[in-house]
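# Fold and contact review
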Amino acid sequence: MFEKELVFTNMEFNNKWEVIEFLTTKAAENEKLIKSEIFEKAVIQREDEFSTAVGYEVAIPHGSSDTVKESFVAVCLLKKVMPWDNEEVRMIFMIGVPESRRTQEHLKILAWLSRSLMREEFRKQVMEAKDSYSLYNYLHVLETNEEE
Amino acid sequence: MKIVGITACPTGIAHTYMAQEALETAARNRGHQIKLETQGAMGIENEITEEDIANADIALIAVGCAVEGIERFDSLQIVEIDVGDAIKNPTETIIKVEESISS
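Each value, and the rule that gives it
- Every chain is numbered on its own, with residues counted from 1 as its sequence reads.
- The lettering of chains begins at A and the numbering of ligands begins at 1, in the order of writing.
- In view of the model being predicted, local features appear only for residues whose pLDDT reaches at least 70, and side-chain atom pairs are presented and counted only at 80 or more, with totals across whole chains, interfaces and linings using the full set of residues.
- Each side-chain value is worked out from all heavy atoms of the structure, with water and hydrogens disregarded.
- Stacked, tilted and edge-to-face pairs are distinguished by plane angle, under 30 degrees for stacked and over 60 for edge-to-face with tilted covering the rest, among Phe, Tyr and Trp rings (Trp via its six-membered ring) whose centres lie within 6.5 Å.
- Per the convention used, a helix needs a DSSP run of H or I reaching at least four residues, while a strand needs a run of E reaching at least two, with both numbered from the N terminus.
- Relative accessibility decides the category of a residue: with a 1.4 Å probe and only protein chains considered, values under 20% of the type maximum give buried, values over 50% give exposed, and everything between is partly exposed.
- Only C-alpha atoms enter the line fits that serve as axes; for helices the fit covers just the stretch in contact. Angles between N-to-C directions range over 0 to 180 degrees.
- With respect to orientation, any angle under 35 degrees is reported as roughly parallel, any angle over 145 as roughly antiparallel, any angle of 65 to 115 as roughly perpendicular, and every other angle as oblique.
- In a left-handed crossing the near helix is turned counterclockwise from the far helix by less than a right angle, and in a right-handed crossing that turn is clockwise.
- When checking whether two residues touch, look at their non-hydrogen atoms; a contact exists if any pair is within 4.5 Å.
- For cavity detection a 1 Å grid was placed over the protein atoms alone, and a set of points counts as a cavity when a 1.4 Å probe fits there but cannot get out; an open set counts as a pocket when protein lies on both sides within 12 Å along at least five of seven lines, with lining residues being those that have an atom within 4 Å of a point.
- Grid points are joined across faces, edges and corners, and a volume is the space filled by probe spheres set on the points.
- Polar here means any residue other than Ala, Val, Leu, Ile, Met, Phe, Trp, Tyr, Cys and Pro, which are nonpolar, and Asp, Glu, Lys and Arg, which are charged; Gly is therefore polar.
- Residues grouped as a nonpolar core are buried Ala, Val, Leu, Ile, Met, Phe, Trp, Tyr and Cys residues, joined through side-chain atoms within 4.5 Å.
- Residues adjacent in sequence count toward polar contacts only when both atoms are side-chain atoms; beyond that, a polar contact is any pair of N or O atoms within 3.5 Å, and within protein one must be able to donate a hydrogen and the other to accept it.

### Re the packing of aromatic side chains
All names here are of chain A. Within the structure shown, the criterion is met by four aromatic pairs over all chains. Pairing Phe8 with Phe22 gives two aromatic rings, centres 4.9 Å apart and planes at 70°, and the pair type is edge-to-face. Taken together, the residues Phe8 in strand 1 (residues 7-11) and Phe22 in helix 1 (residues 16-29) connect sequence positions 14 residues apart. Accessibility assignment for this pair places Phe8 and Phe22 in one class, buried.

### Structural notes on the packing of helix 3 (residues 104-117) of chain A against helix 1 (residues 15-29) of chain B
Where helix 3 of chain A contacts helix 1 of chain B, the axes come no closer than 8 Å and their chain directions differ by 40°. One way to sum up the angle between helix 3 of chain A and helix 1 of chain B is to call them oblique. In the packing of helix 3 of chain A onto helix 1 of chain B, the handedness of the crossing is right-handed. Residues Ala111, Ser114, Arg115 and Leu117 of chain A of helix 3 of chain A pack against Tyr17, Met18, Gln20 and Glu21 of chain B of helix 1 of chain B.

### Some remarks on the layout of surface pockets
Empty space among the atoms becomes apparent when a probe as large as a water molecule is rolled across them. Space inside the largest pocket adds up to approximately 160 Å³. The wall of the largest pocket is formed by Tyr56, Met118, Arg119 and Arg123 of chain A together with Glu21, Ala22, Thr25, Ala26, Asn29, Pro90 and Thr91 of chain B. Listing elements by their share of the lining of the largest pocket, those giving two or more residues are helix 1 and helix 4 (90-102) of chain B. Across the lining of the largest pocket, the residue classes tally to five nonpolar, three polar and three charged.

### Quick look at the nonpolar core
A general tendency of soluble globular proteins is for nonpolar side chains to be buried together. Residues and elements named next belong to chain A. Formed by 37 residues in total, the largest nonpolar core has its most connected members in Val73 and Phe93. Per-element tally for this core: the top contributor is helix 3, with seven residues. With residues near it in sequence (within four places) discarded, Val73 still touches Met1, Phe2, Leu6, Phe93, Met94, Ile95, Leu110 and Leu113. Residues Ala59, Cys76, Met82 and Met94 belong to the second largest nonpolar core, which totals 24 residues.

### Points about the environment of Asn15 of chain A
All names here are of chain A. Looking at the element boundaries, Asn15 is found in the loop between strand 1 and helix 1. Under the relative-accessibility criterion, Asn15 is labelled partly exposed at 28%. A sequence separation of 67 residues divides Asn15 from Met82, and the C-alpha atoms of the two residues are 7.3 Å apart. Within polar-contact distance, the side chain of Asn15 engages the backbone nitrogen of Trp17 at 3.1 Å.

Remember, this is a structural readout, not a statement about activity or role.
Below, the structure is given as C-alpha cells:
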C-alpha cells in the first residue's frame, strides 16, 4: 500500500487544496490513478461533506473512484503545522480506493492504518522520521508485519 | 461498566476504525469493558450479539451515517455521538456515557 515514491517529508503548502492536488498528481505520476481530476474531485467532495482532519494533527483525505487503478496511501509530513478546517495538521495520509474493485486485503490495511493513527506511539514515530526514506521504511515494515 | 455499540462513517474505510480504536482505548483506560461493532467497507465486523446486549449496561452509537440493526439496542439506554467527535474526544465521550448512566 505504501510506496517510496508516495512518501514526502519536510513539505510546505498554503492550504489543504494544495496538499490534495500535489498528492493526487504524484499518485497519477506513479500510475495509481487515471484522470486525476476525477479522483481529486471525489476527494474534495468528501472534504466538503465532512472534514477529514480528525484531530491529533492528522488528516486523512480520501476518495473512492473507479479512476483509481490500485489502492494507495500517499503520505505527506509537513515542516510545520498547517490549518485544515478547524484543526491544525502536520501528518496527511491521502487514501485512494477503487470503487468497484476493492479487495478485502486493501481494506484491511486501511483499517489497520486508521487504528494505528489513533496510537500515540505510531504518530510519534511518523512525526520523528528524519526523511522520506526512513518514514517509508517504518510504514512498510509495519504493513508487512500486518499482512503476515 | 459494560458498553456495547457501533461505529460507522459514510465511506467506511477510515473513521469507522479510528473511532473504534480511540473509544476502546479510552473506555479501557477508565476501567470499562467495551465491544464496538464496525459497519464499514468490509461489512459488519465484531458483531454485537443478543448476549452482548443482555450483559451490557449502555449502548454507544458513534456514527456519521445510517446504520443497520440499531433496533437491537432498544432495551438499552443509548448515547449517540458524531463519529468525528468520538475520534477527537474519546475520553470525553466515555465520560458522557458514564454521566448519562448515573443520571
